[in-house]
Every structure is written in structure tokens, then in C-alpha cells.
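Commentary on secondary and tertiary structure
Each chain is listed here by its residues.
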Amino acid sequence: MAERILDTAQALIQQQGYNGFSYDDVAKLVGIKKPSIHHHFAKKEELVTVLVQRYTHRFRGELLGIEGKHASPMERLAAYAAVFEQTFNRDRRLCVCGMLGAESDSLPESAADEVARFFKVNLDWLAQIISDAQSAGMIKQNCAAESLAQAYLSALEGAMVLGRGMRTVHGPAGIADTFLSTVSA
């Protein structure tokens with residue numbers, strides 16, 4: 001039941017954000033009473049904190065999968081963008097932490113800390129992959145890997161927001177191709 005609650009809350013966050021859903025919304029969609037949610041997650045803060053921890057853990061699994069399937073740093077960067085594209089293609093959903101990051105000033109501290117951790121995990125991974133690509137002569141070395149990692153992640157998250165805001169089916173894939181061709185050596 002806790003997984004169903006988390007899955008439902010995640011979908012709501014991806015569509016409406018932290019401030020756009022309540023335990024009543026979750027209870028209705030799961031088909032349970034509100035006290036059943038409190039049995040698993042005493043407060044909304046706890047629910048969202050656990051949800052972001054789970055999201056980060058699953059995303060780390062995606063990163064490991066990318067490393068296992070793709071040897072080339074450029075292929076890894078393209079596969080990374082595909083994860084964002086797959087998320088967006090599910091009813092124009094946004095990345096959980098992208099959505100929550102926009103609301104970070106109104107999040108409980110524990111949830112905001114987990115969102116920051118998600119971004120750190122991603123930026124550290126991207127910086128390493130970009131550094132590997134720079135060392136292999138695949139990406140220009142005129143910019144620090146950390147700065148390029150931040151620009152790439154920002155472009156992917158921003159493409160999701162822009163795609164939703166413009167009500168298009170175009171997500172992060174095109175922007176990823178443009179970014180990678182721009183920085184390629």
C-alpha cells in the first residue's frame with residue numbers, strides 16, 4: 001500500500017507540484033481513506049521526503065544502467081537525456097525534483113534537502129561523464145565539466161517545462177542533441 005501511495009503522490013507532484021495535491025487527492029486516487037495514508041506517512045513532509053529518496057535511488061539505478069549499456073561518454077549523455085524524454089512522454093510529466101526544485105522555498109526542509117541531494121548526484125555524475133568526454137577529445141575543453149554539467153541538466157529540465165508550457169509533445173530530446181552538437185569538439 002505504501003508503494004501505491006508513493007506512486008500516486010509522485011504522479012500528482014509531476015503534474016501539480018507539492019502545493020497542488022493533498023492527502024485527500026491521494027486517498028481518492030488510491031481508493032483508500034485518508035487515515036490509511038497517515039498510517040504509512042504521518043505527515044505530507046514525510047511522504048514527500050521518502051518519495052524523493054526513492055526517486056533519487058531509482059535515478060541512480062538508471063545512471064548505473066546507462067554506464068552498463070553505453071561505453072562512450074557521448075552515448076551516455078544521450079541516454080541520460082532519453083530518461084528525461086521518457087518521463088516527459090508520460091502525459092508531459094516533469095522530473096519530480098525539477099518540479100519540487102521550483103517550489104523549494106515552500107518545501108519542508110527535509111524534502112528540500114533531498115531535492116538538493118538528487119541534483120548533486122546528477123551533477124556529479126554528469127561532470128564525470130563530461131570530463132571523460134573532454135579527456136577523450138569528444139567535448140571542447142574551453143569550459144569546466146561542472147559548468148557544462150549544470151548547463152546540460154538545466155537545459156533538460158527547462159525543456160520539459162517549456163514543452164509543457166507550450167503544450168507541445170516536444171520534450172528534452174531535441175535540446176539535448178543541440179547542446180551536445182554545440183559542445184562537441
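Keep in mind the model is a prediction, meaning the values are calculated, not measured. (Residues numbered from 1 in each chain as written. Predicted model: local features only at pLDDT ≥ 70, side-chain atom pairs only at ≥ 80, totals over all residues. Heavy atoms only, no water.)

**Here's the deal with the overall build of the chain**
Assigned secondary structure in the chain consists of nine helices and zero strands. Its C-alpha atoms give the chain a radius of gyration of 18 Å, within 12% of the compact-globule value 16 Å for 185 residues. Across its three principal directions, the C-alpha atoms of the chain cover 55 × 30 × 30 Å. Buried positions account for 45% of the 185 residues belonging to the chain. Sequence-distant contacts, at least 24 apart, represent 70% of the contacts inside the chain between residues at least 6 apart. For the chain, the exposed area adds up to about 9,300 Å²; of that, 53% sits on carbon and sulfur atoms. With 19 positive and 21 negative side-chain charges, the chain shows a separation of 7 Å between the mean positions of the two kinds. (Helix = DSSP H or I, 4+ residues; strand = E, 2+ residues; numbered from the N terminus. Rg over C-alpha atoms; globule rule 2.2 N^0.38 Å. Buried < 20%, exposed > 50% of the residue type's maximum accessible area, 1.4 Å probe, protein only. Contact = heavy atoms within 4.5 Å. Areas by Shrake-Rupley, 256 points an atom, 1.4 Å probe, with all protein chains shown as cover. Lys, Arg positive; Asp, Glu negative; His and termini not counted. Charge placed at Lys NZ, Arg CZ, Asp CG, Glu CD.)

**Here we look at the packing of aromatic side chains**
A complete count under the given rule lists 10 aromatic pairs for this structure. One aromatic cluster is present, formed by Tyr55, Phe59, Tyr80, Phe84, Phe118, Phe119, Trp125, Tyr152 and Phe179 through successive ring pairs. It is lysine 44 that lies over the ring of tyrosine 18; its NZ or CZ is 4.2 Å from the centre. Across the ring face of phenylalanine 21, the terminal group of lysine 44 is positioned such that the distance to the ring centre comes to 4.4 Å. (Phe/Tyr/Trp six-rings, centres within 6.5 Å; stacked < 30°, edge-to-face > 60°. Lys NZ or Arg CZ within 6 Å of the ring centre and 35° of its normal.)

**Description of the pattern of salt bridges**
Within the structure shown, the criterion is met by six salt bridges. Residues lysine 34 and aspartate 24 are paired through a salt bridge, measuring 3.8 Å at the closest nitrogen-oxygen approach. With a gap of 10 residues between them, lysine 34 in helix 3 (residues 34-40) and aspartate 24 in helix 2 (residues 23-30) connect regions that are remote in the sequence. On the basis of relative accessibility, which here comes to 35%, the residue lysine 34 falls in the partly exposed class. Sharing partners across several salt bridges, the network here consists of Glu3, Asp7, Arg54 and Arg58. (Salt bridge = Lys/Arg side-chain N within 4 Å of Asp/Glu carboxyl O.)

**A closer look at the packing of helix 1 (residues 2-16) against helix 2**
Two elements in contact, helix 1 and helix 2, have axes whose closest approach is 10 Å; the angle formed by their N-to-C orientations is 120°. The angle between the axes of helix 1 and helix 2 places the two elements in the oblique class. The handedness of the crossing between helix 1 and helix 2 is right-handed. Between helix 1 and helix 2, the contacting residues are Arg4, Ile5, Thr8, Ala9 and Leu12 on the first element and Asp25, Val26, Leu29 and Val30 on the second. Residues that form the contact of helix 1 with helix 2 fall into these classes: six nonpolar, one polar and two charged. (Axes fitted to C-alpha atoms, helices over the stretch in contact; angles between N-to-C directions. Parallel < 35°, antiparallel > 145°, perpendicular 65-115°, else oblique. Left-handed = near helix turned anticlockwise from the far one by under 90°. Nonpolar A, V, L, I, M, F, W, Y, C, P; charged D, E, K, R; others polar.)

**What about the nonpolar core?**
Side chains that are nonpolar tend, in soluble globular proteins, to be buried together. Within the largest apolar cluster, 59 residues are counted, with the highest numbers of intra-cluster contacts made by Leu77, Tyr80, Leu100 and Tyr152. Of all the secondary-structure elements, those providing two or more residues to this core are helix 1, helix 2, helix 4 (44-69), helix 5 (73-89), helix 6 (96-102), helix 7 (109-135), helix 8 (145-165) and helix 9 (172-183). The dominant element in this core, judged by the number of residues it contributes, is helix 7, at 10 residues. Once residues lying within four places of it in the same chain are set aside, the contact partners of tyrosine 152 are Leu77, Ala78, Tyr80, Ala81, Leu126, Ala176, Phe179 and Leu180. (Core = buried A, V, L, I, M, F, W, Y, C linked by side-chain atoms within 4.5 Å.)

**Remarks on the layout of surface pockets**
When its volume is computed, the largest pocket comes out at roughly 220 Å³. In this structure, the largest pocket is lined by Gln10, Gln14, Tyr55, Arg58, Phe59, Glu62, Val83, Gln86, Thr87, Arg90 and Arg93. Elements that contribute at least two residues to the lining of the largest pocket include exactly helix 1, helix 4 and helix 5. Of the residues in the lining of the largest pocket, the class split is three nonpolar, four polar and four charged. (1 Å grid on protein atoms, 1.4 Å probe; cavity = no way out; pocket = protein on both sides within 12 Å on 5 of 7 lines; lining within 4 Å. Points joined across faces, edges and corners; volume = space filled by probe spheres on them.)

**Notes on the environment of asparagine 19**
Positionally, asparagine 19 belongs in the loop between helix 1 and helix 2. Each C-alpha atom of the pair asparagine 19 and alanine 136 lies 45 Å from the other, and the pair is 117 residues apart in sequence. Not counting residues up to four positions away in its chain, the partners in contact with asparagine 19 are Lys44, Glu103 and Ser106. A polar contact of 3.0 Å, which involves the side chain of asparagine 19, links it to the side chain of serine 106. (Polar contact = N/O pair within 3.5 Å; in protein donor to acceptor, adjacent residues only side chain to side chain.)

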